[in-house]
Amino acid sequence: MTPTSPIIADSTTSSVPAFLLPAEPPSIPLDGGLLDHLPIQQVLSSLTLLRAWSALPASQLRRRLSGAEHLLIWLNEQPGDGWQARWRFCEAGRETLSWVNDLAVAKQRSAASLRGEVVYGLSGLLLGRLIRPSYGFLVDYYAVRLFTDVRTEISPERFEEAEAATRRLGMVGRQVAQTLTLLAKLVLYTGKELDQLTADDLLGYRAWNIGRYGRQTSGIHGAWDVLRDIGVLDVDESLRAALRTGQSPTRELVARFRLECDDVREVLIRYLDERRPGMDFSSFRQLVTTLAGTFWADMEAHHPGINSLDLPPEIAATWKERVAFTTKKGAAGRPRKGRLEILSRVRSFYLDIQEWAHQDPAQWAAWAVRCPIKRTELEGIAKRNRARTAEMHQRVRERLPHLLTLVDAAERHRDDQAALLMAAQQVSVGETFEHNETTFRRTAHKTANHRSETQRGPAAVLAENMETSEETNLLRAEEDAFWAWAIIETLRHTGIRIEELLELTHLALISYRLPDTKEIVPLLQIVPSKSNEERLLLVTPELASVLAAVISRVREADGRVPLTARYDAHERTTGPLLPHLFQRRVGWRREIISTKVVVRLLNDTLSRAKLEDRAGAPLRYTPHDFRRMFVTEAVTGGLPVHIAARILGHHSLSTTQAYLAVFQDDLIRSYRTFLDKRRASRPMAEYREPTDEEWDEFQKHFELRKVELGTCGRPYGTPCAHEHACIRCPMLRVDPAQRRRLEEIIRNLTDRIGEAQVNGWLGEVQGLQISLGAARSKLQSLNRLVRNRGHSPVDIGMPVIPGERR
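Residues numbered from 1 in each chain as written. Predicted model: local features only at pLDDT ≥ 70, side-chain atom pairs only at ≥ 80, totals over all residues. Heavy atoms only, no water.

**Q** Would you mind going over the overall build of the protein with me for this structure?
**A** In terms of regular secondary structure, the protein is built from 32 helices and 16 strands. Residue burial in the protein is summarised as follows: out of 806 residues, 47% are buried. Put simply, of all contacts in the protein between residues at least 6 apart along the chain, 66% involve residues at least 24 apart. Accessible surface, the protein as shown: approximately 40,900 Å² in total, 51% of it carbon and sulfur. (Helix = DSSP H or I, 4+ residues; strand = E, 2+ residues; numbered from the N terminus. Buried < 20%, exposed > 50% of the residue type's maximum accessible area, 1.4 Å probe, protein only. Contact = heavy atoms within 4.5 Å. Areas by Shrake-Rupley, 256 points an atom, 1.4 Å probe, with all protein chains shown as cover.)

Here it is, written out as structure tokens:
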């Protein structure tokens, strides 16, 4: 077991290690093995003991030994001390096996006839560890059999463990082959046994591959995970996590701008350190860029030798002129959209120092100077903010009427792809089948022939549209369709942010049992962050149906949701292992869906829905649009704005003991630690213990929610905005058992409208039509809910919080 590599020992390291970056290819190994100075005949004798050669027929063994002898004789004539040095001389600066032509001339034979013997002989020298080739040679040397023989010749027991680990981790087909081949290349290049490999060896090969091809090689993540699994690498994190650098310290962030004035650089660092605890890392980096880069680095570039924050008016004026436009290759570009924000940050910098100088004169008084930016220069911010608000309101007005159309498009595509996948799975490769009046033919991957299932994994399902000749991976298409539907539905029913969506876990689903009626109220816990409050959302039947489908999809065979860690790219932190809901399998790994994938799935759904605005231009939605539409619908439905901002607040958060009845103790401790860290950044007043009167009022609110057609979903602390005209209220959640009553109400309203029209009661007609439209909308929602629920209930494993206070 090797010690932890110093490169990944500290996950919060501030600088990227040199060989994690693209680098020049490593040189051909210098040192040889134990056979480096043996004479030719002793080398040939040792080759006969190789496992891959010892069982060969005599004729094949003689041919391979002949090839090895030809190669050794030729190598012996090259300059260098030892076989490895001579090999280094021959390989340097040459294409792979190009020196066979030189050898053919020396032997007075054709290169074609000699090449086969030499290839066999070379494989023996590699397996016998006589020579160690470069990575470039191993990549270009297309000898699949060689890498297979390595696994039986070098560390065979450990390679068997590695192959078993690939299956245990869930790898299939090509994933297994790529992982084991990469490990074989590593032992050939390094001259080590498999259990002697280190994290540096894998990272070095990755760096070489990036330097040569501009990307990391296939199999590197698999090799890392396999070596972790069999105990060769003593590390707890994946390669992806090891490569993340974490949050850089303030001094390093400022150092990237290469400021000349030491005194100003130090005051900037001190100021930024003061501001950092109250900011998220993404906003903090933006502040660093503004102050150290856009402001002071620009000052030094145009005014060399400047060393004071007290700027002359003409220097401040020219800087403001420069910052008003973007720059490209030293030339002024377009007007800068964020100009006012830059001025505001710089002004705050000066004013903060002036204020702090009164509190701590020794540290700040020397830097308290006049601010070069006047308040009147920022008056445009309010006007610009009003324009942005109006633009957002217009986006909501344009998109909200089309929301159900988008939802229906996502739902239809999900059902269509599921049906198409099921139809394809009923036939064999090469057979045709019909779906929606279109003929498809199930196919295999063209480069793999009959090995498609092995190369692409046992679950790969490919189909060709016979009309368009388009081939589709139906498994991937069905998965994308499901997650697009689940993301859209969850966003529109909760109004949560995209990062909150991706942080949802199985542990966030809890239920509250009313002490009197014993009714179970499902709740969804949104964890707090540095800038967002923790809150509980009431889970509507529609949302419960979506979450049940998600849980059913991600559960393993044992009924548990796999544990995954989410990396926050903005904060550059990795969270604990938790049962996240929005996760999917990528290769053999379980990974949380990324923000980019969410945007891609949303855009794909919009393309299929073909939504347009009044001008005929395509409508584009962002994940945050669903948040605005959610709040707009709630407020227009009668919900007070201040209640809409809180959505149930923080009641009953301390009663988490019921978790222990359902989930593992260690997982609960991890989740509670995660919550405690998030809560630590919030004001303590948000978590005070409720009074007896507040608790009784909270319980009675849920007891009074039962109405004729179902349940009133209005949030806690709000009165009935429609004076109990429930049929019009968007907060009414219709009980499926009351479907007949709802249909009867619709028929009655239709008859009453007809009667009012006959009698000329136009005012009555208008009111009845509003009620009829609301009733029909509720019937449509009820139909959608029934379709999404499926035919059998799903146990989503929610812990129940008892009604008694703890």
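The rest of the description comes next.
**Q** Before we go on, may I ask you to explain the packing of aromatic side chains in this structure?
**A** Geometry of an aromatic ring pair is reported as the spacing of the ring centres plus the angle between the planes. By the definition in use, this model includes 18 aromatic pairs. Ring centres of Tyr135 and Tyr189 lie 3.9 Å apart, and the angle between their planes is 20°; on these two criteria the pair is classed as stacked. Taken together, the positions of Tyr135 in helix 7 (residues 135-140) and Tyr189 in helix 10 (residues 174-190) put the pair 54 residues apart, joining distant regions of the chain. Here Tyr135 falls in the buried class, since its relative accessible area comes to 4%. With a relative accessible area of 13%, Tyr189 lands in the buried category. (Phe/Tyr/Trp six-rings, centres within 6.5 Å; stacked < 30°, edge-to-face > 60°.)

**Q** What am I meant to see in the pairing of strand 5 (residues 462-465) here?
**A** Remember that side chains alternate between the two faces of the sheet whenever the strand is regular. Residues Leu462 and Glu464 of strand 5 are buried on one face, and the alternating residues Ala463 and Asn465, pointing to the opposite face, are buried as well. Here strand 4 (residues 438-443) pairs with strand 5 via four bridges, running antiparallel. Bridge pairing links Arg441 to Glu464 in strand 5. Pairing analysis gives three bridges linking strand 5 to strand 6 (residues 471-473), with the strands arranged antiparallel. Note on strand 6: the bridge partner recorded for Ala463 is Thr472. (Pairing = 2+ DSSP bridges.)

**Q** How should I be thinking about helix 1 (residues 40-47) in this particular structure?
**A** Within an α-helix, residues lying three or four positions from one another point in the same direction, as the helix has 3.6 residues per turn. Listed as buried for helix 1 are Ile40, Val43, Leu44 and Leu47. Burial along helix 1 is one-sided: seen end-on, the buried residues are contained in an arc of 100°. (Arc of directions from axis to C-beta.)

**Q** Just checking my understanding: could you explain helix 25 (residues 541-554) for this structure?
**A** Between the first and last C-alpha of helix 25 there are 20 Å, a value that for 14 residues agrees with the 20 Å anticipated at 1.5 Å per step. Burial in helix 25 covers these residues: Glu542, Leu543, Ser545, Val546, Leu547, Ala548, Val550, Ile551 and Val554. (Expected span 1.5 Å × (residues − 1).)

**Q** Help me out: how do you make sense of the sheet that holds strand 4 in this one?
**A** To summarise the sheet geometry, strands pair through backbone hydrogen bonds and adopt either a parallel or an antiparallel arrangement. Read from one edge of the open sheet, four strands run 3-4-5-6, paired in antiparallel fashion. Single-partner strands in this sheet number two, and they are strand 3 (432-435) and strand 6. In this sheet, adjacent strand axes meet at a mean angle of 35° when their direction is disregarded. Docked against the sheet, helix 21 (residues 403-425) engages strand 3 and strand 4, running at close to 155° with respect to strand 3. In the packing of helix 23 (residues 474-494) onto the sheet, the strands contacted are strand 5 and strand 6, and the crossing angle to strand 6 comes to about 60°. (Axes fitted to C-alpha atoms, helices over the stretch in contact; angles between N-to-C directions.)

**Q** Can you help me understand the nonpolar core in this one?
**A** Nonpolar side chains in soluble globular proteins tend to be buried together. By size, the foremost hydrophobic cluster in this structure holds 67 residues, and its most contacted members are Leu146, Val150, Leu183, Trp224 and Leu227. Aside from chain neighbours lying at most four places away, what touches Leu146 is Ser123, Leu126, Leu127, Tyr141 and Leu188. (Core = buried A, V, L, I, M, F, W, Y, C linked by side-chain atoms within 4.5 Å.)

**Q** Would you mind going over the side chain of Thr540 with me for this structure?
**A** Along the polypeptide, Thr540 turns up in the loop between strand 9 (535-538) and helix 25. Given a relative accessible area of 10%, Thr540 falls into the buried group. Among residues more than four places away in sequence, those in contact with Thr540 are His493 and Arg733.

**Q** So what exactly am I meant to see when it comes to unusual backbone geometry here?
**A** Where the residue is not glycine, phi is negative for most of them; where a peptide bond is considered, it is trans in most cases. Although it is not a glycine, Arg258 sits at a positive phi angle of roughly 50°. Position of Arg258 among the secondary structure elements: in the loop between helix 14 (250-255) and helix 15 (262-275). Its relative accessible area of 70% is what places Arg258 among the exposed residues. Notably, Glu437 is not glycine yet its phi reads approximately 65°, a positive angle. Inspection of the secondary structure puts Glu437 in the loop between strand 3 and strand 4.

**Q** Just checking my understanding: could you explain the environment of Arg168 for this structure?
**A** Here Arg168 shows up in helix 9 (residues 156-169). The spatial distance from the C-alpha of Arg168 to the C-alpha of Val226 is 9.4 Å, given a sequence separation of 58 residues.

**Q** I'm lost on the packing of helix 16 (residues 281-302) against helix 18 (residues 339-359) in this one. Help?
**A** Angle between the axes and distance between the axes are the two parameters that describe a pair of packed helices. Two numbers describe how helix 16 lies on helix 18: the axes approach to 10 Å, and their chain directions differ by 90°. Classed by the angle they form, the pair helix 16 and helix 18 counts as roughly perpendicular. Listed contacts from helix 18 to Gln286, Leu287, Thr290, Leu291, Thr294 and Phe295 of helix 16 are Ile342, Arg345, Val346, Phe349 and Tyr350. Per-class residue counts for the contact of helix 16 with helix 18 are seven nonpolar, three polar and one charged. (Parallel < 35°, antiparallel > 145°, perpendicular 65-115°, else oblique. Nonpolar A, V, L, I, M, F, W, Y, C, P; charged D, E, K, R; others polar.)

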